[in-house]
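Listed below, chain by chain, are the residues.
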Amino acid sequence: MHREPTMAAAKSSSTIELERGDGTPGALVDPFGRAITYLRVSVTDRCDFRCVYCMSEHMTFLPKAELLSLEELDRLCSAFMKKGVSKLRLTGGEPLVRRGIMTLVSSLSRHLQSGALSELTLTTNGSQLQKYATELKASGIRRINVSLDTLDAGKFRAITRWGDLGNVLAGIDAAQAAGLQIKINAVALKGVNDDEIPRLLEWAHGRGMDLTVIEVMPLGDVDESRLDQYLPLSIIRARLAERYTLDDIDYQTGGPARYVRVKETGGRLGFITPLTHNFCESCNRVRVTCTGTLFMCLGQNDAADLRRPLRSSESDEPLNAAIDEAISRKPKGHDFVIDRRHRVSALPRHMSTTGG
Ligand code: SAM
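Calculation criteria
Residues numbered from 1 in each chain as written. Predicted model: local features only at pLDDT ≥ 70, side-chain atom pairs only at ≥ 80, totals over all residues. Heavy atoms only, no water. Pairing = 2+ DSSP bridges. Helix = DSSP H or I, 4+ residues; strand = E, 2+ residues; numbered from the N terminus. Axes fitted to C-alpha atoms, helices over the stretch in contact; angles between N-to-C directions. Contact = heavy atoms within 4.5 Å. Parallel < 35°, antiparallel > 145°, perpendicular 65-115°, else oblique. Left-handed = near helix turned anticlockwise from the far one by under 90°. Nonpolar A, V, L, I, M, F, W, Y, C, P; charged D, E, K, R; others polar. Buried < 20%, exposed > 50% of the residue type's maximum accessible area, 1.4 Å probe, protein only. Arc of directions from axis to C-beta. Polar contact = N/O pair within 3.5 Å; in protein donor to acceptor, adjacent residues only side chain to side chain.

K.L.:
Describe the sheet that holds strand E13 (residues 285-288), naming the residues involved and giving the relevant values.
P.N.:
The twelve strands lie next to each other as E10-E11-E12-E9-E8-E7-E6-E5-E4-E13-E14-E15, forming an open sheet whose pairing is mixed. Since the sheet does not close on itself, it has two edges, and those belong to strand E10 (246-248) and strand E15 (303-305), each with one partner. Each adjacent strand pair in this sheet contributes to an overall mean axis angle of 25 degrees, direction not counted. Both strand E8 (residues 181-188) and strand E9 (residues 210-215) contribute to a ladder of six bridges, which runs parallel. Residue pairing across strands places Asn-185 opposite Thr-212, the latter belonging to E9. Sitting on the sheet, helix H7 (residues 197-206) touches E8, E9, strand E11 (258-262) and strand E12 (268-272), and the angle it makes with E9 is about 150 degrees.

K.L.:
Tell me about the packing of helix H4 (residues 129-138) against helix H6 (residues 165-177), and name the residues and values.
P.N.:
One can describe the packing of H4 onto H6 by two numbers: an axis separation of 8 Å at closest approach and a directional angle of 15 degrees. On the basis of their axis angle, the class for H4 and H6 is roughly parallel. Crossing of H4 over H6 shows right-handed handedness. Listed contacts from H6 to Leu-129, Gln-130 and Ala-133 of H4 are Asn-167, Ala-170, Gly-171, Ile-172, Ala-174 and Ala-175. Broken down by class, the residue content of the contact of H4 with H6 amounts to six nonpolar, three polar and no charged.

K.L.:
Could you give an account of helix H5 (residues 153-160), with specific residues and numbers?
P.N.:
All buried positions along H5 are accounted for by Phe-156, Ile-159 and Thr-160. Taken end-on, H5 shows its buried residues confined to a sector of 85 degrees, consistent with a single buried face. Along its buried surface, H5 packs onto H6. The N-cap of H5, judged by a side-chain oxygen 2.9 Å from the amide nitrogen of Gly-154 a few residues on, is Asp-152. A positive backbone phi angle near 65 degrees is found at Arg-161, which sits one or two residues after H5.

Following this line, the structure appears as structure tokens:
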């Protein structure tokens, strides 16, 4: 059930708190009139892979006390849902390596049953899917995103440093056998997998999975230069258009991808182009890190600490106030730049911190 705000009432100069159709106060609308209905929560900063564009090989992870507990994560997500968030994505790090993750998933699934959530989903590298696919489906998860940049076992190892392609493919098999719909996300890496996109496309579409190609974003210090990795998707699209008929379609998942239908395969292909095309106008999302820091924009540094209000009181009042105040500061958009003069990352934090 998607709840649209119906009646505006000014709360503060820059935050408007709306009444939802059921009379419950609290839907979130930012200063640019965008309703915030989508929350992405990073449940851990840890990962069992070390993808070259995402992490350095020797990462220092946070001490456990810094992380929100599973109960705190549940409370925080539930507070957002009371404020009209209807779509929740768990991410990381690798969400399925967080100890007790299925306790959180099955607890959050009560919001699917109540109708507060229209979708509970997750983004995963697929390494743990053989273990968890059946439980995920049983908890009400219908669709998941699996990150996979190549079907070449050697390249897969080189990109992920620690990953095993066979294990991930077996995980995908298990997820499909369990009835989960899968979208494959592939980051386009210059000179690494750009020649493989047609193969990925035919493989994904042949198995009934959508494919989304993502431009590499300048997040966090990694051991390699972004310039060496960066490839504008306009080039990928032009190359694909020489082989396939790409028909623009109006398909929307509430995310930033723009989709085409590939006539020859019948499948959907998405492009996420944070650098070559700004997708901020329709942004409906915010992100919370595993330490309870709320980022109103993936590409900006401004953030709000939700852990302190969460831990300061058993009542949700301080938490709700902190959320409202933060949303009143959600910026209009981001401004990623990868260029030769600025060879440093545009933002110091890794995707695994903010949650991809
Ligand atoms: N471990 C999970 C996974 O692999 O999907 C979830 C977290 S991962 C950080 C989420 C997504 O972010 C992955 O698809 C990954 O490829 C992508 N990602 C990480 N760093 C990125 C970057 N610098 N630019 C673009 N995508 C990135």
